[in-house]
Structure formats: C-alpha cells, structure tokens
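# Structural description and commentary
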Amino acid sequence: MNAAKAQEVVDKIVGQVFGVENPLSLDEFLDKFAFDLRLPRQVLDTKTNETTWAQSTNPTKFLKFPSVIPGMEQKELLPKVPVSGLQDVLGAWSKVNYVYTEKQVSSSNVARSDNVYSSENVYRSQDVLRSKNVVFSDGAWDCEYVAANQRSNTSTFCIRLDDSKECSNSFGISWSEKITNSYFLHACGDVQDSMFCTNIDNKRFCIANMQFEEAEYNKIKQEVIRWILTG
C-alpha cells in the first residue's frame, strides 16, 4: 500500500464521516488528526542500511521482516564459543540481538507498518488484526476504513476512535460503543447523530448533553464539520 492508495482511503473515510470532499493531503491529515498517536517510526535495516519501519525504536539493530541474522539462515544454532563471564555473554548476544521490523502475518498491501495480522491495505499503522483499509492507527481489530484510530474494534468509517467498539461514521469518539454519525463523544452508548456529549445512552440529536430538534442539530452540524476540517 503506497501513499497514493492511503490518500484514497483517507478521502473515502472523510467523505463518509463528514459528507464532504476531503480538503487535506495525507501529510496534513497526519499532522491534524494523528499527531499524538504512537505510530511506526523510520529506522535503518542494519544489514542493508535501507529504510524500514518499527513499532519500537528502543533497540539499536533492526532487520526488516523476514530477513534473517547472518549465519542463521536455517534457524540453526551458531557454533559454540567459550563463555567465561557476563562480558562474553553480552558480546555473543550482540551478534544475534536484532529486532524485526515491518512484521506481518497473512496480510497484503501493508506499508510502513508493524505487527499486522490477517489484514489488508494498511499504511503507517501498528497492532492491526483482521482489518482492512487502516491508516495512521495504533490498535485496530476487526475494523474497516478507520484512520487515526487507537485500541478500538469492530468499527467502520471512523476517525480518531479511541478505546471504543461498534462505531460507524463518527469522529472523536472515546470509551464508547454503538455510536453512529456522531462527533466528540465520551463514555456513551447506543447514540446517534449527536455531538460534544459525555455519559449519555440511547439518545439522538443531542449537543453537549442537551436535546435538540433534527433541523436545529443539522444546521449546527455543518458548522462543526467546517471547523473540524479547516479550523
């Protein structure tokens, strides 16, 4: 998955969530909506010196998956050498202490990502499982068309979804479930067409925990969308 495809995914998500054409480039979207997320970072493959992407940059030596440590191509043990103390152990360890980057299993069209399993079309994301069309996310399980997502599952067409599940067509949702067509909700459940609410359930057309008529809500919604995308 390259940057052009990632842009297409982001454009589609923005169109679905906000009902307008996406005005943001991929880099602008990253800076605006995923600036604070823990995402794979660029490092260098120790063996090839080529760019690769890792979930953690704490290690000092990296190998792009599925590269192998020189001398261990067949996953066999190295010849034994004398070890008389800790320094010898650490010296021997330094010869095999590499960390894999861009790890993926049973996945396709994955780029600049790490720890991806049974997923498709993933860009600059990590800890992704059984998901499709994921961009700039940290922890997405059974999701499709999500961006700037953290630790959420079973959701579609969401931006900045945190610690939530079963959400769709929404933005800025945290610690919530069964949310549809909503923006900026926290600790809510089974809520539709609402904005700026906390700790409410089974509601529709609410703003800041207040009930509105549908026409009133939709008028304010358009101003909020402009503010989110261009403010």
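A brief structural summary. Not measured: the values here are computed from a predicted model. Throughout, a residue's number is its position along its own chain's written sequence, starting from 1. Predicted model: local features are reported for residues with pLDDT of at least 70 only, side-chain atom pairs are reported and counted for 80 or more only, and whole-chain, interface and lining totals are derived from all residues. Working from all heavy atoms in the structure, the side-chain values ignore hydrogens and water.

## Remarks on the pattern of salt bridges
Rules: Between Lys or Arg on one side and Asp or Glu on the other, a salt bridge is scored when a side-chain nitrogen of the former is within 4 Å of a carboxyl oxygen of the latter. We count a stretch as a helix when DSSP gives it H or I for four or more residues in a row; a strand needs E for two or more, and each element gets its number in order from the N terminus. To sort residues, take the accessible area from a 1.4 Å probe on protein chains only and compare it with the maximum for the residue type: under 20% means buried, over 50% means exposed, and anything in between is partly exposed.
Counted according to the given criterion, the structure contains nine salt bridges. Among the ionic pairs, Glu-177 bridges to Lys-165, the shortest N-O distance being 3.8 Å. Taken together, the positions of Glu-177 in strand S16 (residues 177–180) and Lys-165 in strand S15 (residues 165–174) put the pair 12 residues apart, joining distant regions of the chain. Classification of Glu-177 by relative accessible area gives partly exposed; the value is 33%. Residue classification places Lys-165 among the partly exposed positions, given a relative accessible area of 34%. The closest approach of N and O atoms between Arg-204 and Asp-193, which form a salt bridge, is 2.8 Å. Here Asp-193 lies in the loop between strand S18 (189–192) and strand S19 (195–198) and Arg-204 lies in the loop between S19 and strand S20 (206–207), a separation of 11 residues in the sequence.

## What to know about helix H1 (residues 3–18)
The periodicity of an α-helix, 3.6 residues per turn, causes residues three or four places apart in sequence to face the same way. How we decide: A helix is expected to reach a length of 1.5 Å times the quantity of its residues less one. Nitrogen and oxygen atoms within 3.5 Å of one another constitute a polar contact, given that in protein one can donate a hydrogen and the other can accept it, and given that sequence-neighbouring residues count only through two side-chain atoms.
Between its terminal C-alpha atoms H1 stretches 22 Å, which fits the 22 Å expected from 16 residues at 1.5 Å a residue. Of the residues that open H1, the one with a side-chain oxygen 3.2 Å from the backbone nitrogen of Ala-4 is Asn-2. Phi for Gly-19, located one or two positions after H1, is positive at around 70°.

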